[in-house]
Amino acid sequence: GTTEQKDTYVRPLVEGRFGGTMALSEAQSGSSLSNLKAKARHVSGDEYRLSGSKMWTSGFDHDCFENIVHLVLAKIDGDDTPPGNRGISLFIVPKVLPDGSPNDVALNGLNHKMGQRALPNSYWSMEEG
């Protein structure tokens, strides 16, 4: 990541002020990267708009931290996007943006699992705004 990203997100994660998640799995593909449906549309510069949904994300939404940083795998949307695992990038999707406004992510519900109840496990969506 860039120095700015490290200062904005990694430092607070290490200090324990931010929480983090890894959003890979999707309902239709599980953890099969070649079947990801989440898309990232390039807007300008280093800005992308993500759309799609994720499944089985532990710790998605709670108030134990100042912010929660989601690391989201999505395919770059475009006519020249290669099939399969190619064209996938990792995006930083904070619950709260650096300007203090909420990000456009929505908790759709909790997965009711047998065991492991200390940390909520959820499914959620990103809507291109």
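### Focus on the packing of aromatic side chains
- Under the defined criterion, the tally for this structure stands at one aromatic pair.
- Above the ring of F18, the side-chain terminus of R17 is found at 5.9 Å from the ring centroid.

### Focus on the side chain of N67
- On the secondary structure map, N67 appears in strand β4 (residues 67–76).
- Here N67 falls in the buried class, since its relative accessible area comes to 6%.
- For N67, the residues in contact, after removing those within four places along its chain, are R17, F18, G19, P94, K95 and V96.

### Some thoughts on the side chain of S125
- Structurally, the position occupied by S125 is in strand β7 (residues 121–126).
- Residue S125 is classed as buried on the basis of its relative accessible area, which comes to 8%.
- Of the polar contacts made by the side chain of S125, one reaches the side chain of N108; its length is 3.4 Å.
- In contact with S125, not counting residues within four places along its chain, are G52, S53, D104, V105, A106 and N108.

The rules behind these values
Residues numbered from 1 in each chain as written. Predicted model: local features only at pLDDT ≥ 70, side-chain atom pairs only at ≥ 80, totals over all residues. Heavy atoms only, no water. Phe/Tyr/Trp six-rings, centres within 6.5 Å; stacked < 30°, edge-to-face > 60°. Lys NZ or Arg CZ within 6 Å of the ring centre and 35° of its normal. Helix = DSSP H or I, 4+ residues; strand = E, 2+ residues; numbered from the N terminus. Buried < 20%, exposed > 50% of the residue type's maximum accessible area, 1.4 Å probe, protein only. Contact = heavy atoms within 4.5 Å. Polar contact = N/O pair within 3.5 Å; in protein donor to acceptor, adjacent residues only side chain to side chain.

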